[in-house]
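A closer look at the structure
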Amino acid sequence: MRLNNWQPETITAIVTPSTGTQTPDGSNVVDTDTIDLEEAGLDQIARVIEAKFKQHAFTRLIEGILKAQGYTTYRSPEGADGGADILAGSGPFGFGSPRLCVEVKSEANPIDRPSVDKLMGAVTKFGAQEGLFVSWSGFKPNVQKELAASFFRVRLWSQTEILDALFEVYDRLDEELKAELPLKRIWTVAIPED
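The structure presented is a predicted model; accordingly, all values stated were derived computationally and were not measured.

Reading guide: rules and limits
Residues numbered from 1 in each chain as written. Predicted model: local features only at pLDDT ≥ 70, side-chain atom pairs only at ≥ 80, totals over all residues. Heavy atoms only, no water. Phe/Tyr/Trp six-rings, centres within 6.5 Å; stacked < 30°, edge-to-face > 60°. Helix = DSSP H or I, 4+ residues; strand = E, 2+ residues; numbered from the N terminus. Buried < 20%, exposed > 50% of the residue type's maximum accessible area, 1.4 Å probe, protein only. Core = buried A, V, L, I, M, F, W, Y, C linked by side-chain atoms within 4.5 Å. Contact = heavy atoms within 4.5 Å. Expected span 1.5 Å × (residues − 1). Patch = residues over 30% accessible without salt bridge, like charges linked within 9 Å, V, L, I, M, F, W, Y side chains within 5 Å. Areas by Shrake-Rupley, 256 points an atom, 1.4 Å probe, with all protein chains shown as cover. Salt bridge = Lys/Arg side-chain N within 4 Å of Asp/Glu carboxyl O. Lys, Arg positive; Asp, Glu negative; His and termini not counted. Charge placed at Lys NZ, Arg CZ, Asp CG, Glu CD. Pairing = 2+ DSSP bridges. Axes fitted to C-alpha atoms, helices over the stretch in contact; angles between N-to-C directions.

**Some remarks on the packing of aromatic side chains**
In the structure shown here, the tally under the stated rule is four aromatic pairs. Judged by centre distance (5.8 Å) and plane angle (75°), the rings of F58 and W136 are edge-to-face. Taken together, the residues F58 in helix 3 (residues 56-68) and W136 in the loop between strand 4 (130-135) and helix 5 (141-146) connect sequence positions 78 residues apart. In this pair, the class of F58 matches that of W136, namely buried.

**Describing unusual backbone geometry**
Note that the residue after S97, namely P98, is joined by a cis bond; omega there is 0°. Of note, Q55 is a non-glycine position whose phi angle comes to about 50°, a positive value. Of note, Q55 is situated in the loop between helix 2 (37-52) and helix 3. Among the residues examined, Q55 registers a relative accessible area of 64% and is labelled exposed.

**Focus: the environment of F95**
Tracing the chain through its elements places F95 in the loop between strand 2 (86-90) and strand 3 (96-105). Distance from F95 to T72, taken between C-alpha atoms, is 8.5 Å for residues 23 residues apart in sequence.

**Digging into the nonpolar core**
With 30 residues, the main nonpolar core has I49, F58, I62, L66, V102, V134 and L166 as its most contacted residues. Broken down by secondary-structure element, the contributors of at least two residues to this core are helix 2, helix 3, strand 2, strand 3, strand 4 and helix 6 (159-169). The dominant element in this core, judged by the number of residues it contributes, is helix 3, at seven residues. Non-local contacts of F58, meaning those with residues more than four positions away in its chain, are made with I49, F53, V104, K105, S106, V134, W136 and I162. Formed by 15 residues, the second largest nonpolar core is a distinct cluster that contains A122, F139, V143 and L156.

**So, helix 4 (residues 113-125)**
End to end, helix 4 covers 19 Å across 13 residues, agreeing with the expected 18 Å (1.5 Å per residue, within 8%). If you check which residues of helix 4 are buried, you get R113, V116, L119, M120, A122 and V123. Check the buried side of helix 4 and you find it contacts strand 3, strand 4, helix 5 and strand 5 (154-157). G127 lies just past helix 4 and shows a positive phi near 70°.

**Some words on a negative patch on the surface**
Negative charge collects at one region of the surface, where D36, E38, E39 and D43 lie side by side. Of note, E39 is situated in helix 2.

**A short note on the sheet that holds strand 2**
What the five strands build is an open sheet, ordered 1-2-3-4-5; its pairing is mixed. Each edge of the sheet is formed by a strand with only one pairing partner; in this case those strands are strand 1 (71-75) and strand 5. Taken pair by pair, the neighbouring strands of this sheet meet at an average axis angle of 20°, ignoring direction. Here five bridges tie strand 2 to strand 3, and the two strands are oriented antiparallel to one another. Paired with A88 across the two strands is L100, which belongs to strand 3. The strands touched by helix 4 are strand 3, strand 4 and strand 5; relative to strand 4, the strand with the most contacts, the crossing angle is about 145°. Together, strand 4 and strand 5 form the strand contacts of helix 6, whose direction differs from that of strand 5 by roughly 90°.

Any functional reading would require information beyond the geometric quantities listed.
Set out below in structure tokens:
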């Protein structure tokens, strides 16, 4: 307490190493005040997904998430898919509701409105009830604004929603996907913001 002017230690002081400290090899300790560990972790996971799950492999990852959520799925083979990369239905045989028509894009460009409209057509074509458009690079700004009329028919997953869904079901993913994307849950102190 003498080093802290006889004040009790705060949580911030406990989890934040002092700056300017050197390790035995002479290197400096990184100032964790400038590092957002959650953001750094998410960035690492995103880089692994981008490297290992391109094109049809990304569709396989999304199918794995849907299966872990309890859907029975059909994944289209590589190539022309008729507007749906994945068909998913509830229940052991996939005949239950909801029935989803899923389009998956891993490319680097945000998705535009005509692409989402094609998914809406595929929902009707395949007899699904709802559509899910999954785009790693997100969507152009006008897409979100113009979809209010389709609120009960389509959902959009960009990187944030994909990662949220992945983390929610990671423990239930099949072992092959977990081997390709090995993640470890960690706990850390949540420092209150001032």
